Structure formats: C-alpha cells, structure tokens
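# Secondary and tertiary structure notes
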Amino acid sequence: MMTLTAMFFAAFIAATLIPAQSEAVLVGMLLAKSNPVSLLLLVATVGNVLGSLVNWAIGRFLQGYADQRWFPVSPGQLTRASNWYACHGWWTLLGSWLPVIGDPLVLVSGLMREPLWRVVLVVTLAKGGRYLALSWVTLWIV
C-alpha cells in the first residue's frame, strides 16, 4: 500500500506546477514488480489527472483577479494566451503530458473557462496514454 501511495503523490505533485518526475517512480516500481502493472497505471493516472485539475482550478480562480496589480500575467500576455487558446482550443490539452508546457496548458484551460468534463476527459487520455506507453517501453526492454 505504501508503494501505491508513493506513486499517487509522485504523480499528483508532478502534475502541478511543482517540478517532479513521476515517470522515474513508475519505472522503478515497474522494474521492482511491486504491484500489478494495471494498478500502477491506474494510480499514476488518477494522481496525475487530479494534480492537473489543481492547475485548472488555479486558472479558474485566478481568472477573476486578472484586473489586479498583483496578477502574475500582464494583460497583454493574457490577451495573447486567450487568442492562442481560442485559435487552438481544447485540443491543446492533448499536450498536457508534455514536460514544461503541459502543466501551463491546463492552467490556461482554466483561465479560458474550459468545461471541467472536457478537461478531465482529454487530460486523462493524454496522461494515461503517456504512462501506458512508458510502461510498455519499460517492460518490453526488460
């Protein structure tokens, strides 16, 4: 149970704006054969998606404060992000698994008021697919 808890929190933290590597934790657990692969994939995906939803919620919350001086993004940057997201839309969430840009993409989707159901669906596909591919490669090599 401790290994699953560790996997969950590694995946959760890695999906927030805090830098972390859940992939290394998953590979280590796969190689150690500590739990069934399907269970590790489920826990990692759920943790990572829930962490992404924190980013989405931050975006939704912060959107109401865009006119404040302390807001971390300038009005010009917010306008550019809005225009970019309006052009490319929710499809960009398929890139939520990418390092560096994936977490901000989910935050921007919150700022742009993307519906929660769509964020959950697309982010789950993207992040679950990444963990599935990583697991396949890891187990195929070994």
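Heads up: these notes are all about the structure in this document. Keep in mind it's a predicted model, so treat the numbers as computed, not measured.

### Topic: the layout of surface pockets
- In this structure, the largest pocket occupies an estimated 330 Å³ of space.
- Sorting the residues of the lining of the largest pocket by element identifies α1 (2-15), α2 (22-32), α5 (102-111) and α6 (116-141) as the ones contributing at least two each.
- Split by residue class, the lining of the largest pocket holds 11 nonpolar, 5 polar and 4 charged.

### A word on helix α4 (residues 75-88)
- The end-to-end C-alpha distance of α4, which contains 14 residues, comes to 20 Å, matching closely the 20 Å that a straight helix rising 1.5 Å per residue would cover.
- Immediately beyond the C-terminal end of α4, within one or two residues, lies Gly89, with a positive phi of roughly 65°.

### Quick word on the nonpolar core
- Judged by nonpolar contacts, Leu4, Met7, Ala11, Leu26, Met29, Leu30, Leu40, Leu41, Val43, Ala44 and Tyr131 together constitute the single largest core of 11 residues.
- Broken down by secondary-structure element, the contributors of at least two residues to this core are α1, α2 and α3 (37-63).
- It is α3 that provides the largest number of residues to this core, a total of 4 residues.
- For Leu40, the residues in contact, after removing those within four places along its chain, are Leu4, Met7, Leu26, Met29, Leu30 and Asn35.
- Listed in part, the 10 residues of the second largest apolar core include Val108, Val119, Val122 and Val123.

### Overview of unusual backbone geometry
- Of note, the phi angle at Val100 is positive, near 70°, even though the residue is not glycine.
- Here Val100 is to be found in the loop between α4 and α5.
- Looking at Val100, the relative accessible area reads 76%, which means it is exposed.
- Residue Arg113 is not a glycine yet carries a positive backbone phi of 65°.
- Mapped onto the fold, Arg113 is located in the loop between α5 and α6.
- The exposure class of Arg113 is partly exposed, given its relative accessible area of 44%.

Each value, and the rule that gives it
- Residues numbered from 1 in each chain as written.
- Predicted model: local features only at pLDDT ≥ 70, side-chain atom pairs only at ≥ 80, totals over all residues.
- Heavy atoms only, no water.
- 1 Å grid on protein atoms, 1.4 Å probe; cavity = no way out; pocket = protein on both sides within 12 Å on 5 of 7 lines; lining within 4 Å.
- Points joined across faces, edges and corners; volume = space filled by probe spheres on them.
- Helix = DSSP H or I, 4+ residues; strand = E, 2+ residues; numbered from the N terminus.
- Nonpolar A, V, L, I, M, F, W, Y, C, P; charged D, E, K, R; others polar.
- Expected span 1.5 Å × (residues − 1).
- Core = buried A, V, L, I, M, F, W, Y, C linked by side-chain atoms within 4.5 Å.
- Buried < 20%, exposed > 50% of the residue type's maximum accessible area, 1.4 Å probe, protein only.
- Contact = heavy atoms within 4.5 Å.

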